[in-house]
Amino acid sequence: MSIIVFAEEWNNQFKKASFEAVSYAKSWAELAGTTVTAVTSRGAADPAALATYGADRIVTIVLAATPYGIAQQLAAMAEGAAGMVIAGTSIGRSIAPALAALAGGALSTNTTSIPTGTAPVTVVRGAFSSKGIETIELTGGLPMVSFVPNSVGIQERAGAGAVESMDTTGTDLLQVTEKTIASGKVALPEAEVVVSAGRGLKGPENWAMIEELASVLGAATACSKPVSDIGWRPHSEHVGQTGIQVNPNLYIAIGISGAIQHLAGVSASKTIVVVNTDAEAPFFKAADYGIVGDAFEVVPQLVNAMRAFKAGQ
Amino acid sequence: MNLLVCISHVPDTTAKINFDAAGTALDATGVQFVINPYDEFSLTKALHLKEAHGGTITVLNVGGPETEPTLRKALAIGADQAIRINATPTDAITVAKELKNHIAANTYDLILCGQESIDYNGQQVPAMLAALLNLPFVNACVDLVIDGSSATATGEIDGGHATYTGNLPLVVGGKKGLVEEKDLRIPNMRGIMTARSKPLQVLEATEHDAATRAVKFVKPAVKSAVKLVDNVDELVHLLHNEAKAI
Ligand SMILES: Cc1cc2nc3c(=O)[nH]c(=O)nc-3n(C[C@H](O)[C@H](O)[C@H](O)COP(=O)(O)OP(=O)(O)OC[C@H]3O[C@@H](n4cnc5c(N)ncnc54)[C@H](O)[C@@H]3O)c2cc1C
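Quick caveat, the model's predicted, so the values are computed rather than measured.

Undergrad: What is the right way to read the overall build of chain B from this model?
TA: The number of helices and strands found in chain B is six helices and 13 strands. Expressed along its principal axes, the backbone C-alpha trace of chain B runs to roughly 60 × 45 × 40 Å. Residues counted as buried form 54% of the 246 residues belonging to chain B. Contacts in chain B between residues far apart in sequence, at least 24 positions, make up 68% of those at least 6 positions apart. Accessible surface, chain B: about 10,400 Å² in total, of which carbon and sulfur atoms supply 52%. Computed over 21 positive and 28 negative side-chain charges, the inter-centroid distance for chain B is 4 Å.

Undergrad: Please clarify how the sheet that holds strand β15 (residues 220-223) of chain A should be interpreted in this entry.
TA: Sheet strands pair via backbone hydrogen bonds, and the direction of the pair is either parallel or antiparallel. Spatially, β15(A)-β14(A)-β16(A)-β17(A)-β18(A)-β13(B) is the arrangement adopted by the six strands of the open sheet, whose pairing is parallel. The open sheet is flanked by β15 of chain A together with β13 (227-228) of chain B, the only strands paired with a single partner. Pairing of strand β14 (residues 193-197) of chain A with β15 of chain A involves four bridges; the strand directions are parallel. Looking at β15 of chain A, one finds that S196 of chain A is bridged to A222 of chain A. Relative to the sheet, helix α4 (residues 208-217) of chain A contacts β14, β15 and β16 (250-254) of chain A, its axis offset from that of β14 of chain A by approximately 175°.

Undergrad: Sorry if this is basic, but what is going on with the nonpolar core here?
TA: As a rule of thumb, nonpolar side chains are buried together in soluble globular proteins. Counting 117 residues, the largest nonpolar core has V59, I111, L144 and L170 of chain B as its most contacted members. For this core, the leading source of residues is helix α1 (residues 16-32) of chain A, giving eight residues. Apart from the residues lying within four places of it in its own chain, the contact partners of I111 of chain B are L4, C6, I103, L129, L135, L170, V171 and V172 of chain B. Grouped together as the second largest cluster of nonpolar side chains are 38 residues, A197, I210 and Y289 of chain A together with L235 of chain B included.

Undergrad: Teacher, can you tell me more about the environment of G218 of chain A here?
TA: Considering the arrangement of structural elements, one finds G218 of chain A in the loop between α4 and β15. Placed 23 residues apart in sequence, G218 of chain A and V195 of chain A show a C-alpha to C-alpha distance of 9.7 Å.

Undergrad: How do you make sense of the packing of helix α3 (residues 92-104) of chain B against helix α4 (residues 125-133) of chain B when you look at a structure like this?
TA: A pair of packed helices is characterised by two quantities: the angle between their axes and the separation of those axes. Residues and elements named next belong to chain B. With their axes 9 Å apart at the nearest point, α3 and α4 run at an angle of 45° to one another. The pairing of α3 with α4 is recorded here as oblique in orientation. The way α3 lies across α4 gives a crossing that is right-handed. Taken together, the residues of α4 that come into contact with α3 (itself represented by A92, I93, V95, A96, K97, L99, K100, I103 and A104) are V125, M128, L129, L132 and L133. The class makeup of the residues in the contact of α3 with α4 is twelve nonpolar, no polar and two charged.

Undergrad: Would you explain the sheet that holds strand β7 (residues 137-147) of chain B in this entry?
TA: Spatial strand order, β13(A)-β9(B)-β8(B)-β7(B)-β10(B)-β6(B)-β1(B)-β4(B)-β5(B)-β11(B): ten strands in an open sheet with mixed pairing. One side of each edge strand has no neighbouring strand; the edge strands of this open sheet are β13 (175-181) of chain A together with β11 (200-204) of chain B. The sheet shows a mean angle of 25° between the axes of neighbouring strands, direction not considered. Note: strand β6 (residues 110-114) of chain B against strand β10 (residues 170-174) of chain B, five bridges, orientation parallel. Bridge pairing in β10 of chain B places L112 of chain B opposite V172 of chain B.

Reading the values: rules and limits
Position numbers for residues count from 1 along each chain, tracking the sequence in the order it is written. All chains are assigned letters beginning with A, and all ligands numbers beginning with 1, in the order in which they are written. Reporting in this predicted model follows two pLDDT cut-offs: at least 70 for local features of residues, and 80 or more for side-chain atom pairs to be given and counted; totals over whole chains, interfaces and linings ignore these cut-offs and use all residues. As a convention, hydrogens and water are excluded, and side-chain values are obtained from all of the structure's heavy atoms. Strands are runs of DSSP state E lasting at least two residues, helices are runs of H or I lasting at least four, and both sets are numbered from the N terminus onward. Type-normalised accessible area, obtained with a 1.4 Å probe on protein chains alone, sets the label of each residue: buried when under 20%, exposed when over 50%, and partly exposed for intermediate values. Pairs of residues are marked as contacts when any of their non-hydrogen atoms sit within 4.5 Å. The Shrake-Rupley method, run with a 1.4 Å probe, gives the accessible areas here. Residue values count only the displayed protein chains as cover. Positive charges come from Lys and Arg alone, negative charges from Asp and Glu alone, with His and the N- and C-terminal ends not counted. For this purpose, a charge sits on NZ of Lys, CZ of Arg, CG of Asp or CD of Glu. A strand pair is defined by DSSP finding two or more bridges across the two strands. Axes, fitted as lines to C-alpha atoms, cover a helix only where it is in contact. Angles between the N-to-C directions of the axes lie from 0 to 180 degrees. Here, nonpolar core means buried Ala, Val, Leu, Ile, Met, Phe, Trp, Tyr and Cys residues that are tied together by side-chain atoms lying within 4.5 Å of each other. Each angle is binned into one of four classes, with values under 35 degrees roughly parallel, values over 145 roughly antiparallel, values of 65 to 115 roughly perpendicular, and all other values oblique. A crossing counts as left-handed when the near helix is turned anticlockwise from the far one by less than a right angle, and as right-handed when that turn is clockwise. Think of it as three bins: nonpolar holds Ala, Val, Leu, Ile, Met, Phe, Trp, Tyr, Cys and Pro, charged holds Asp, Glu, Lys and Arg, and polar takes everything else, Gly as well.

What follows is the structure in structure tokens.
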């Protein structure tokens, strides 16, 4: 009756969200008085690393190539489990619902809390694009949680960490022909700091200072919707209600007005900084810190100030 | 091609969201409902595929009679027929099962959903549906090419893209990129007129068991007033010492 958690890796390294997933499972297991079983790809990352965050048993499998194949492999282990945890990464968001359908799960996605109760399992999740906070009971099946990365945090609590391998197969209904991940860039959904810019930047040629600020801060870059619609920046940087939803520790918005649809995707960020020439821009109402000023003056200064700060650390 | 587009009926993106006195459901008073923005990209993709390959576009919604204007709008944009499965969409698995029962009894070449509904933000129904039907699925789909009975689809993954090939039928969760923003169509007068005579069939629901129960909705806490600073050094100082964000 263990809590089963899937630990995703990329390029032979566990994703940060995987450590958070194991931490999540450990918190849940403590409440439920049970153990944590982590499932991960064999021969990739060092499985023992998962014990640091609370994995008591670590099962390595030859991972299927597609989320559906992986969901089948996890479903095969679901019998007798007390619950399942999947990080809400892009892959996890495809695995969890398939797993729930295959294993008869009661699934909460977009979850932002560890269970607040265990009979029935109750969690808190975001709804209405951050305009609502929902408390949900997982009543009708094996409780499963997919949580928002960077929402519950990573915690070190040692688990027994016994590693074993298991044979299990999943059927991939699709062939993966290509997988590209931009190297040297921080992936937006996982970033702890996001530097985002909008139409106030006037044109794509002005993004060098945004990228520079991001690089000084180890941040991912993002943009408002119109900026990606007109092709100044790639669609994959579009954040907001109809783009990527982010919840970094720090979100810096430069030349973005703060339309309701934009705020819907970023308001869960822990600290928000706004730079805008217009003191009446709605974004200031959602911000923690603001500078009323011209991005073309403020951003280069901020780059220098941050660089000096980082050098002094 | 027999194209199916699953349509979710959601509050407009500008809607102020309030909950009923008990805090257990959305208070829909004064809220405008629209086609889920993600579904619009899928619907437009269906129009493009029909234009290229011929075929029929069916739009399908699980919901009460109040969702019919949304289905009519999809017809006005260019879908050929609409189906409403008369059920309250209590949670993702109930919706996915209703959709599955209809789809399994019919023949569709391609099932286009939106990546996510902007009301409950579940991002569950499309992947559940595909799993229940044992059909291939591509989420966050930003490119789709159909060649005879096979498909090549690209989905966004964290920090990049993955491209898949497989056979139809296929389920996708669409978003911007599947078609561009400028390709989205708004209904014109002629579309609205012809939509009135296009078939909108109501089917009775088949299954109802929800797996989850929403017990409470609250609005997020209101942010305290912004702290305006007039130089970057002060900002860096506050971000480090006060917010502990850097
Ligand atoms: C269905 C729907 C869904 C949508 N989804 C999203 C979404 O997911 N994400 C999203 O972002 N938007 C979304 N939008 C669009 C949203 O309504 C706004 O139009 C958009 O966010 C505005 O982008 P912006 O702030 O970059 O541009 P603008 O609104 O044009 O704002 C530019 C800002 O830059 C400031 N500025 C100008 N010059 C400077 C300067 N030199 N220095 C500093 N500041 C300057 C201006 O004061 C202004 O506040 C959606 C809209 C709809 C209808």
